Every structure is written in structure tokens, then in C-alpha cells.
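Here's the letter readout for the chains.
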Amino acid sequence: MTALNKVLIAAGVVLLLAGVGLGFHSVSTVGTDCGSVFQPAAGITPMACDGRLNNAGTLVTLILVAGGLCLAAALTVKVVRDRVTA
């Protein structure tokens, strides 16, 4: 395993864990608890929460996608390296 693979795997895992952590992080606006991306507040949330939850959802999605891309890149580097050395 190359150093590049180790870095990509570590970055991917960190990004995935950070995305999941942010997904459960509570968001609030104007003193109102909106809940989190993965678990919005129970009942009807105020319209003020919509923008905050959408922004948080977009951030979580981008972080999770970046983590997945890092892991996919690590797999690609491994496969290409194995084919070149074979």
C-alpha cells in the first residue's frame, strides 16, 4: 500500500465521520431549535428553519461525497498500481 493510498483512505474516513457528525449536529435559528439534518425537530418546524436545514444538508452531502470520492480514489490507485506491477 502506497503512502498516497494511506492518505486518501485516512482523509476519506475522516470526511465520512465528519459528515455523519455534522448531520446529527443540532441547528437553531432565532432561538428555535430546528433539530438536525438527519433528525429534524418533532412537529411542524418554522419556515425560518428551512433555510438553515437546507444549508446544513448541502454541507453534509458535500462532505460525505468528498469522503466517498477519496475512498474511491484510493481504490482506483490500488487497482491501477496492481495492474501495472502485474
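The shown structure was predicted, so the numbers you read here are calculated from the model rather than taken from an experiment. Within every chain, residues take consecutive numbers counted from 1 along the sequence as written. Under the rules for a predicted model, residues below a pLDDT of 70 receive no local features and side-chain atom pairs below 80 are neither given nor counted, while totals for whole chains, interfaces and linings still include all residues. By convention in this description, side-chain values take in all heavy atoms of the structure and omit both hydrogens and water.

A.B. asks: Can you walk me through unusual backbone geometry in this structure?
C.D. replies: Negative phi is the rule for most residues except glycine; trans is the rule for most peptide bonds. Positioned with a positive phi, valine 30 is a non-glycine residue whose angle comes to about 50°. Structurally, the position occupied by valine 30 is in the loop between strand S1 (27-29) and strand S2 (32-35). A helix here means a DSSP run of H or I that spans at least four residues, while a strand means a run of E at least two residues long, and both kinds are numbered starting from the N terminus.

A.B. asks: Help me out: how do you make sense of helix H1 (residues 3-24) in this one?
C.D. replies: Along its 22 residues, H1 runs 32 Å from first to last C-alpha, staying within 8% of the 32 Å computed at 1.5 Å per residue. Working definition: with a 1.4 Å probe on protein chains only, accessible area under 20% of the residue-type maximum means buried, over 50% means exposed, and in between means partly exposed. Every buried residue of H1 is accounted for by Asn5, Leu8, Gly12, Gly19 and Gly23. Seen end-on, H1 carries its buried residues on one side only, within an arc spanning 65°. What points out from H1, more than 90 degrees from its buried face, is the exposed set Ala3, Lys6, Val7, Val14, Leu17 and Phe24. The span you would expect from a helix comes to 1.5 Å times its residue count less one. Relevant arc is that of directions from the helix axis to the C-beta atoms, nothing else.

A.B. asks: Please clarify how the confidence of the model for the protein chain should be interpreted in this entry.
C.D. replies: Low-pLDDT portions of the prediction should not be read for the details of their coordinates. Each residue carries a pLDDT value, the predictor's own confidence for that position, ranging from 0 to 100. For the protein chain, the average pLDDT comes to 89, and 97% of its residues sit at 70 or higher. Across the protein chain, H1 holds the top mean pLDDT of 94, while S2 sits lowest at 84.

A.B. asks: Looking at this structure, I do not really get the side chain of serine 36. What am I missing?
C.D. replies: Turning to its location among the elements, serine 36 is positioned in the loop between S2 and helix H2 (47-85). When its relative accessible area of 4% is taken as the criterion, serine 36 is described as buried. When sequence neighbours within four positions are dropped, the list of residues in contact with serine 36 reads Gly23, Phe24, His25, Ser26 and Leu53. When checking whether two residues touch, look at their non-hydrogen atoms; a contact exists if any pair is within 4.5 Å.

A.B. asks: For this particular structure, what's the right way to read the state of the cysteines?
C.D. replies: The term disulfide is used for any two cysteine sulfur atoms that are within 2.5 Å. One pass over the full model with this rule turns up 1 disulfide. Residue cysteine 34 pairs covalently with cysteine 49 via a disulfide, S to S 2.0 Å. Handedness of the cysteine 34-cysteine 49 disulfide follows from its S-S torsion of about -75°: it is left-handed. In this pair, cysteine 34 is assigned in strand S2 and cysteine 49 in helix H2, connecting sequence segments 15 residues apart.

A.B. asks: When you look at the nonpolar core in this model, what are you seeing that I'm missing?
C.D. replies: A general tendency of soluble globular proteins is for nonpolar side chains to be buried together. By nonpolar core is meant a set of buried Ala, Val, Leu, Ile, Met, Phe, Trp, Tyr and Cys residues that side-chain atoms within 4.5 Å join together. Residues Val27, Cys34, Cys49, Leu53 and Ala56 constitute the largest nonpolar core, which totals 5 residues. In terms of residue count, H2 provides more of this core than any other element does, 3 residues in total. Setting aside chain neighbours within four positions, we find cysteine 49 in contact with Thr29, Thr32 and Cys34.

A.B. asks: Looking at this structure, I do not really get the pattern of salt bridges. What am I missing?
C.D. replies: Side-chain pairing between opposite charges can occur once the charged atoms of the two side chains come close. Any carboxyl oxygen of Asp or Glu that lies within 4 Å of a side-chain nitrogen of Lys or Arg is treated as forming a salt bridge with it. Taken as a whole, this structure holds 1 salt bridge when the rule is applied. Between lysine 78 and aspartate 82 there is a salt bridge; the shortest N-O distance is 2.8 Å. Highlighted residues: lysine 78 and aspartate 82, both in helix H2, separated by 4 residues, approximately one helical turn.

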